[in-house]
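Remarks on the overall topology
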Amino acid sequence: MSKVHNFSAGPSILNQEVLKKASEAVVNFNNLNLSILEISHRSKDFVAVMDNAVALVKEILNVPEGYSVLFLQGGASTGFLTTVLNFMKENGNGAYLNTGAWSKKALKEAENLGKMNVVASSDDKNFNYIPKGFTVPSDADYLHITTNNTIFGTQIKDIPTQGNTLLIADMSSDIFSRKINVSDYAMIYAGAQKNMGPAGTTLYIVKDDLLGQTGRNIPTMLDLRTHIAKGSMFNTPPVYPIYVSMLTLEWLKANGGIEWIEKVNQEKADLLYNEIDANPLFEGTAAKEDRSNMNVTFVLTNEDVKNDFDRMWNEAGISGINGHRDVGGYRASIYNAMPIESIHVLVNTMKQLANKYDLVN
Ligand SMILES: *Cc1c(COP(=O)(O)O)cnc(C)c1O
């Protein structure tokens with residue numbers, strides 16, 4: 001099989017060694033001569049997987065005492081709802097920073113269930129920047145942010161901590177990509193399928209003593225205390241996504257953890273953004289200071305070369321770089337598992353396009 005350079009936005013690239021180990025476990029897990037898919041989630045072999053996955057999250061992100069790490073179902077989209085039910089007081093309100101499509105879906109759940117304030121929004125410019133310098137009403141139960149805007153290619157660089165206001169973050173598309181200070185947050189949640197594993201599990205990191213204060217009756221499955229009490233085993237957990245996530249975290253740790261990956265991610269992003277800025281045929285869509293290191297969005301400056309470019313990247317073995325319909329153009333998702341070699345292939349293709357039209361670059 002020839003090499004495919006996978007720039008898919010999600011589900012997205014996983015490390016090759018991780019995929020190999022994951023495929024072996026489907027046939028014969030831990031030399032049990034059983035598949036990981038056909039054993040009890042309460043068996044000692046799977047309990048060890050869950051314990052290891054939780055321990056790796058705590059170690060890699062330096063999670064302080066007092067926080068629980070959960071692997072649940074429902075995707076980040078259920079996280080929008082979990083946020084409201086677990087943190088918005090019965091007659092309270094949630095504050096939201098509106099930075100794109102996922103933020104909008106999150107704030108909709110707050111509107112449905114209670115009161116919601118948008119403290120700042122970048123929808124005036126099709127979400128191509130991160131609003132800064134806003135204030136959060138002191139009566140807000142929390143401020144919700146989306147740290148990386150997968151569709152629009154922006155990323156919050158300075159986390160807007162707000163004194164005593166609880167901070168809740170959807171980190172679906174940049175979790176484990178850079179250093180974070182977990183103690184800044186009341187809760188972090190992230191779907192696995194961008195930077196951690198296959199779709200099917202959602203990571204939650206939540207400060208225990210903040211729960212149970214809303215006065216709401218919370219449905220059992222959406223009450224985070226249910227899952228904390230049972231170590232993510234209240235019901236059958238998504239065993240395989242958790243196992244593959246564990247393998248990814250082992251890979252990350254073995255290579256040097258966050259310090260290592262943050263440096264690599266910066267190098268990768270710089271390489272691609274430098275080409276976008278230098279090449280007269282391309283233009284970035286996000287404000288420079290807010291550019292995402294995970295999802296790089298760009299357009300052609302001359303649509304006449306589109307057919308050529310599309311043919312060239314296809315021939316180079318590049319996959320998954322068509323932009324989201326809300327932005328158009330191209331989106332190169334360059335998550336943790338993407339090797340820098342694949343970015344060189346894309347950059348070289350962009351250079352070849354400029355050469356073909358005799359444009360110096
Ligand atoms: C992909 C994505 C989601 C949606 O996640 P699901 O697991 O499909 O519900 C939410 N937020 C962000 C930032 C995403 O990138």
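Residues numbered from 1 in each chain as written. Predicted model: local features only at pLDDT ≥ 70, side-chain atom pairs only at ≥ 80, totals over all residues. Heavy atoms only, no water.

**A short note on the domain arrangement of the protein**
Annotation of the protein at the domain level lists domain 1 (24-254) and domain 2 (257-356). Computed from C-alpha coordinates alone, the two centres of domain 1 and domain 2 are separated by 28 Å. Regarding the contact of domain 1 and domain 2, the summed buried area is about 2100 Å², with carbon and sulfur atoms giving 53% of it. Linking domain 1 with domain 2 are 2 salt bridges, by the criterion used here. A salt bridge links aspartate 290 to lysine 132; the shortest N-O distance between them is 3.0 Å. (Domains from an automatic or database assignment. Buried area = accessible area lost by both parts, 1.4 Å probe. Salt bridge = Lys/Arg side-chain N within 4 Å of Asp/Glu carboxyl O.)

**Comments concerning the environment of aspartate 223**
The residue aspartate 223 is located in the loop between strand S10 (202-207) and helix H5 (224-229) in this model. Expressed as a C-alpha distance, the spacing of aspartate 223 and isoleucine 334, which sit 111 residues apart in the sequence, is 34 Å. Leaving out residues up to four positions away in the same chain, aspartate 223 has contacts with Asn86 and Ile218. (Helix = DSSP H or I, 4+ residues; strand = E, 2+ residues; numbered from the N terminus. Contact = heavy atoms within 4.5 Å.)

**Quick notes on the pairing of strand S8 (residues 166-170)**
Residues in a regular strand project their side chains so that they alternate between the two faces of the sheet. Extensive coverage of S8 is indicated by the burial of 4 of its 5 residues. Bridge count between strand S5 (residues 142-146) and S8: 5 bridges; the pairing is parallel. By the bridge assignment for S8, threonine 146 is matched with aspartate 170. (Buried < 20%, exposed > 50% of the residue type's maximum accessible area, 1.4 Å probe, protein only. Pairing = 2+ DSSP bridges.)

**Notes on the pattern of salt bridges**
Pairs can form between side chains of opposite charge whenever their charged atoms are close. Here the structure, examined in full by the defined rule, presents 16 salt bridges. The partner of arginine 178 in a salt bridge is aspartate 174, with the nearest N and O atoms 3.2 Å apart. The class of aspartate 174 is buried, set by a relative accessible area of 2%. Close ionic contact of lysine 351 with glutamate 275 constitutes a salt bridge, the shortest N to O distance being 2.9 Å. With a gap of 76 residues between them, lysine 351 in helix H9 (residues 340-356) and glutamate 275 in helix H7 (residues 257-278) connect regions that are remote in the sequence. Residue glutamate 275 is classed as buried on the basis of its relative accessible area, which comes to 3%. Among the charged side chains, a salt-bridge network with shared partners connects Asp308, Arg311, Glu315 and Lys356.

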